Amino acid sequence: MDLSYAPEEEEFRARLREWLAEVLPTLPDKPSPDDWPGRRAYDLGWQRMLYDAGYAGVHWDASPTLRLIFLEETEKAGAPYVGANFVGLLHAGPTIAAEGTPGQRARWLPPILRGEQVWCQGFSEPDAGSDLASLRTRARRDGDDYVVTGSKIWTSHAEVADWCELLVRTDPAAPRHRGITWLAMPMDAEGVTVRPLRTLAGSPEFAEVFLDEVRVPVANRVGEENDGWRVTQVTLSFERGTAFVGEVVACRRVLRELARTAREDGRWGEPELRRRLGRLDAEFRALWRLTQWNVSEAEASGGVPGAGGSVFKLRYSHARQELYEAAAEVLGPDCLDLDRPWVLDRLSSLSYTIAAGTSQIQRTIVAERILGLPRGR
C-alpha cells in the first residue's frame, strides 16, 4: 500500500503551515482548565477562525488523507485542540454527515463548523459499564415526540453543551442491540439536569445527566427507530479511527522532550531508560504508520473508518500510559508536582484504556471482526 502523499496533498500541507504560522501568534491566552465557559468561548473562537479560513469542514468534507494532514500539522504547530468542540467535530458531526437526512445536515452541521454550538455525548450509563448495548434510558413515542427518562454518566462537556448525541432504548422487548435509537437532544430542554464530575486531575470536563420526561422531537432521530446501534457503530468508528490522530503527534513530541530532559539532568546515561524511550519511539512510529493505513482504508470505503480503528485505539491507549510512566521516571520525585510538565497528562492517561471503549471491548472487536473468531457463549 502506498503511504506517500500526492502533490496536491503536499500543497494543502504547505498552505496550512503558512496560515498557522500567521494566525497562531495572534491568539489570546488560553483560559484556566477549570473555566469551562471560558474554554468554550476560546474553543469556539478558534473554530470560527478555521471556518473563516476555509479549514472548518476538513473533518467531514475533505478526504481522510487531508484530514490526517490537518491534524498532524495543527498539532505540530501547537494550535489549539478542538476542546469543547470535540464531540461535535469528531463524533456527532461526522455521524450526521454520514447518516443524517439533507435537512438534518443543513440544520446541525453549519453551526458546528461556524463555532456556534457545542455537542456532548450521552452514551455511557451508571449501570451499563463498558457494555453500552445494555443501556436503559427509555424513550417512549408520544405523537411527534419521544419522551425520554433515564440518566447518563461521563458525558463530555455537558455543562457547556447545546446539543447531546443521545442513545435511548425505544423497544425494551427487542434484542438489546436492536431496540436502540440515536437522537439529537437539545440540552436546554425541560427535564434535563446536569451535575458536573471532576476527574482525577481536578477538571470538571465530565458530568452526570439526568433526564426526567424530556421531550425530543422525532425529527431529531438520526437513522431509523431501533437502528441506533448501527448508527452508533459509525460514531464509534470515527471516535476510534481518527479522533486520536493529533494525540499521536503530541506523544511523539513529548517523547523528544523527555529525551532532551533526560540528557539535561544526567539520566540519559541509564541504559534501561534509553531502551525504554527507544522502544516507545518505535511504538509511536508504528502507530503513525497504522494511522496512515487506516486512513487509506477509510478513503477506499467511502470515508468511514473501519474495524482497524480498534487495533489503533487498543495499542495507542496502552502506549500513551507507558509514555507517561516513562515521564514519571524522568521526573523522579517531581512526578508528584502538579505544576510540572506531563504530570496532569499522566493522570489523564489512566482513563485511556476505558474511554472510547475499554481495551477489553477493543480486543473483542478485533477478535470477531478482523480475526473472524467465534463469539463466546
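Residues numbered from 1 in each chain as written. Predicted model: local features only at pLDDT ≥ 70, side-chain atom pairs only at ≥ 80, totals over all residues. Heavy atoms only, no water.

Draft legend 1. Up close: helix α5 (residues 102-113). Helix length check: α5 (twelve residues) gives 16 Å between terminal C-alpha atoms against 16 Å at 1.5 Å per residue, within 8%. Listed as buried for α5 are Q104, W108, L109, P111, I112 and L113. As for α5, its buried residues are in contact with α2 (36-53), α4 (86-99), β1 (119-122), β4 (163-169), β5 (180-186) and β8 (221-222). (Helix = DSSP H or I, 4+ residues; strand = E, 2+ residues; numbered from the N terminus. Expected span 1.5 Å × (residues − 1). Buried < 20%, exposed > 50% of the residue type's maximum accessible area, 1.4 Å probe, protein only. Contact = heavy atoms within 4.5 Å.)

Draft legend 2. Local environment of the confidence of the model for the protein chain. Within the protein chain, residue pLDDT values average 85, and 86% of them lie at 70 or more. Per-element averaging of pLDDT across the protein chain places helix α11 (residues 359-370) at the bottom with 68 and β8 at the top with 98. (pLDDT = per-residue confidence, 0-100.)

Draft legend 3. Inspection of unusual backbone geometry at higher detail. Phi angles above zero are rare outside glycine, and W154 is one such case at about 55°. Tracing the backbone through its elements, the reader meets W154 in the loop between β3 (145-152) and β4. Judged by relative accessible area, W154 falls into the partly exposed class, the value being 48%. Of note, the phi angle at E213 is positive, near 55°, even though the residue is not glycine. Counting through the fold element by element, E213 comes out in strand β7 (residues 206-217).

Draft legend 4. Structural view of the state of the cysteines. In this structure the tally under the stated criterion is zero disulfides. This cysteine, C164, is not joined by any disulfide, and C120 carries the nearest cysteine sulfur, 3.8 Å off. Under the relative-accessibility criterion, C164 is labelled buried at 2%. (Disulfide = S-S within 2.5 Å.)

Draft legend 5. How the structure looks around the pattern of salt bridges. Using the criterion set out here, one finds 29 salt bridges in the structure. The closest approach of N and O atoms between E75 and R253, which form a salt bridge, is 3.1 Å. A residue pair is termed long-range when its members are at least 10 positions apart, and E75 in helix α3 (residues 64-76) and R253 in helix α7 (residues 245-264) qualify at 178 residues. A residue is classified by how much of its surface remains accessible, and R253, at 31% relative accessible area, is partly exposed. We note a salt bridge from D145 to R215, for which the minimum N-O separation is 3.0 Å. One end of the pair, D145, is in strand β3; the other, R215, is in strand β7, with 70 residues separating them in the sequence. (Salt bridge = Lys/Arg side-chain N within 4 Å of Asp/Glu carboxyl O.)

Draft legend 6. Representation of the nonpolar core in the model. The biggest cluster of nonpolar side chains holds 47 residues, and the ones touching the most others in it are F12, W19, W46, F70, L258, F284 and L323. Elements with a minimum of two residues in this core: α1 (7-23), α2, α3, α7, α8 (271-300) and α9 (308-331). Per-element tally for this core: the top contributor is α9, with ten residues. Ignoring any residue separated from it by four or fewer positions in sequence, one finds L258 in contact with L277, L323, A326, A327, V330 and W342. In this structure, W119, F123, W182 and A184 belong to the second largest nonpolar core, which totals 27 residues. (Core = buried A, V, L, I, M, F, W, Y, C linked by side-chain atoms within 4.5 Å.)

Draft legend 7. Seen up close, the packing of aromatic side chains. Evaluation of the coordinates by the stated rule reveals nine aromatic pairs. Ring centres of W19 and W46 lie 5.7 Å apart, and the angle between their planes is 35°; on these two criteria the pair is classed as tilted. Of the two residues, W19 sits in helix α1 while W46 sits in helix α2, which places them 27 residues apart along the sequence. What makes W19 buried here is its relative accessible area of 15%. (Phe/Tyr/Trp six-rings, centres within 6.5 Å; stacked < 30°, edge-to-face > 60°.)

Draft legend 8. Structural context of the pairing of β7. Sheet topology note: the β3/β7 ladder contains seven bridges and is antiparallel. Among the inter-strand pairings, D145 is bridged to a residue of β7, identified as P217. Across six bridges, strand β6 (residues 192-197) lies against β7 in antiparallel orientation. The residue of β7 that forms the bridge with V194 is V209. (Pairing = 2+ DSSP bridges.)

Draft legend 9. Quick look at the packing of α1 against α2. For the pair α1 and α2, interaxial distance at closest approach is 12 Å and the crossing angle is 135°. By the angle class used here, α1 and α2 are oblique. Every pair of crossing elements has a handedness; the one defined by α1 and α2 is right-handed. In this structure, α1 uses W19, L20 and V23 to contact α2, whose residues at the interface are W46, M49, L50 and A53. (Axes fitted to C-alpha atoms, helices over the stretch in contact; angles between N-to-C directions. Parallel < 35°, antiparallel > 145°, perpendicular 65-115°, else oblique. Left-handed = near helix turned anticlockwise from the far one by under 90°.)

Draft legend 10. Main features of the environment of E159. On the secondary structure map, E159 appears in the loop between β3 and β4. Once the C-alpha coordinates of E159 and V194 are considered, the two residues, 35 residues apart in sequence, prove to be 6.3 Å apart.

Draft legend 11. Fine view of the environment of G122. Looking at the element boundaries, G122 is found in strand β1. G122 sits in the buried class, given a relative accessible area of 0%. Separated by 86 residues in the primary sequence, G122 and E208 have C-alpha atoms spaced 9.3 Å apart. Not counting the four nearest positions on each side in its chain, G122 is found in contact with K152, T155, C164, E165, L166 and L167.

Draft legend 12. Here's a closer look at α3. With 13 residues, α3 should cover 18 Å at 1.5 Å per step; its first-to-last C-alpha distance of 18 Å lies within 8% of that length. All of the buried residues along α3 are P64, T65, L66, R67, L68, I69, F70, L71, E72, E73, T74 and E75. Of the residues one or two after α3, G78 is the one with positive phi, at around 75°.

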